[in-house]
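Summary of structural features
One-letter residues, chain by chain:
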Amino acid sequence: MILLIGLIIGLIIGFMTPIHIPSQYSSYVAIAILAALDSVFGGITASSQKNFNIKIFISGFFGNALLAAFLTYIGKKLDVDIYLAAIIVFGTRLFQNFATIRRFLLNKYLKNDNI
């Protein structure tokens, strides 16, 4: 419940704050957001499995975002699309975590429905 409230507050602040990201930084921000979303979905998955640890979540959140941005930077310097590897990995993990969360919620809903 706290996660949902935090998400709603974050979305409201994000939509109300006029932030313009220059186009040369857009790929860095996009990959960092994807990495952060991977951590958020991983945290929700861990929470649903009663295995959540705030230290692991925080370190993964910032570590993944920084590593992904660094890969993007190195790739741009080498003129190689290294960031695509991060997109594939984080995208795959996002869908895996979403599937786990979906199954958890469906099982929880179906258990309550059968009672």
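Residues numbered from 1 in each chain as written. Predicted model: local features only at pLDDT ≥ 70, side-chain atom pairs only at ≥ 80, totals over all residues. Heavy atoms only, no water.

1. Digging into the overall build of the chain
What counts, and what does not: Going along the chain from the N terminus, every DSSP run of H or I of four or more residues is numbered as a helix, and every run of E of two or more is numbered as a strand. The globule rule used here is 2.2 Å times the number of residues to the 0.38 power, and the radius of gyration it is set against is calculated over C-alpha atoms. To sort residues, take the accessible area from a 1.4 Å probe on protein chains only and compare it with the maximum for the residue type: under 20% means buried, over 50% means exposed, and anything in between is partly exposed.
When its secondary structure is counted, the chain shows four helices and zero strands. N-terminal to C-terminal, the α/β element order of the chain is α-α-α-α. Its C-alpha atoms give the chain a radius of gyration of 17 Å, clearly above 13 Å, the size a compact globule of 115 residues would have. For the chain, the spread of C-alpha atoms along the principal axes amounts to about 60 × 30 × 25 Å. Put simply, the chain has 115 residues, and 22% of those count as buried.

2. Re the confidence of the model for the chain
Selection criterion: In predicted models, pLDDT denotes the confidence assigned by the predictor to each residue on a 0 to 100 scale.
Scored by pLDDT, the chain comes out at a mean of 87, with 97% of its residues at no less than 70. Of all the helices and strands in the chain, helix 4 (residues 83–114) carries the lowest mean pLDDT, 86, while helix 3 (residues 54–78) carries the highest, 88.

3. A closer look at the pattern of salt bridges
Counted only if it meets this: Here a salt bridge means any side-chain nitrogen of Lys or Arg lying within 4 Å of a carboxyl oxygen belonging to Asp or Glu.
All told, the structure shown has one salt bridge when counted by the stated rule. Here Asp38 makes a salt bridge to Arg93, at a shortest N to O gap of 2.4 Å. In this pair, Asp38 is assigned in helix 2 (residues 26–48) and Arg93 in helix 4, connecting sequence segments 55 residues apart. Accessibility expressed as a relative area gives 2% for Asp38, which makes it buried.

4. Some words on unusual backbone geometry
Backbone geometry follows two general trends: most residues other than glycine have a negative phi, and most peptide bonds adopt the trans configuration. We note that Lys50 has phi near 55 degrees; this positive angle belongs to a residue other than glycine. Notably, Asp79 is not glycine yet its phi reads approximately 60 degrees, a positive angle. The topology assignment puts Asp79 in the loop between helix 3 and helix 4.

5. Observations concerning the side chain of Thr72
Heads up, the condition is: The definition of a polar contact used here is a pair of N or O atoms within 3.5 Å, where within protein one atom must be able to donate a hydrogen and the other to accept one, and adjacent residues in sequence count solely through side-chain atom pairs. By the convention used here, residues are in contact when the closest approach between their heavy atoms is within 4.5 Å.
With respect to the helices and strands, Thr72 occurs in helix 3. Here the side chain of Thr72 touches Ala68 through a polar contact of 2.9 Å, landing on its backbone oxygen. Filtering out sequence-adjacent residues up to four positions away, Thr72 remains in contact with Ser27, Tyr28, Ile31 and Tyr83.

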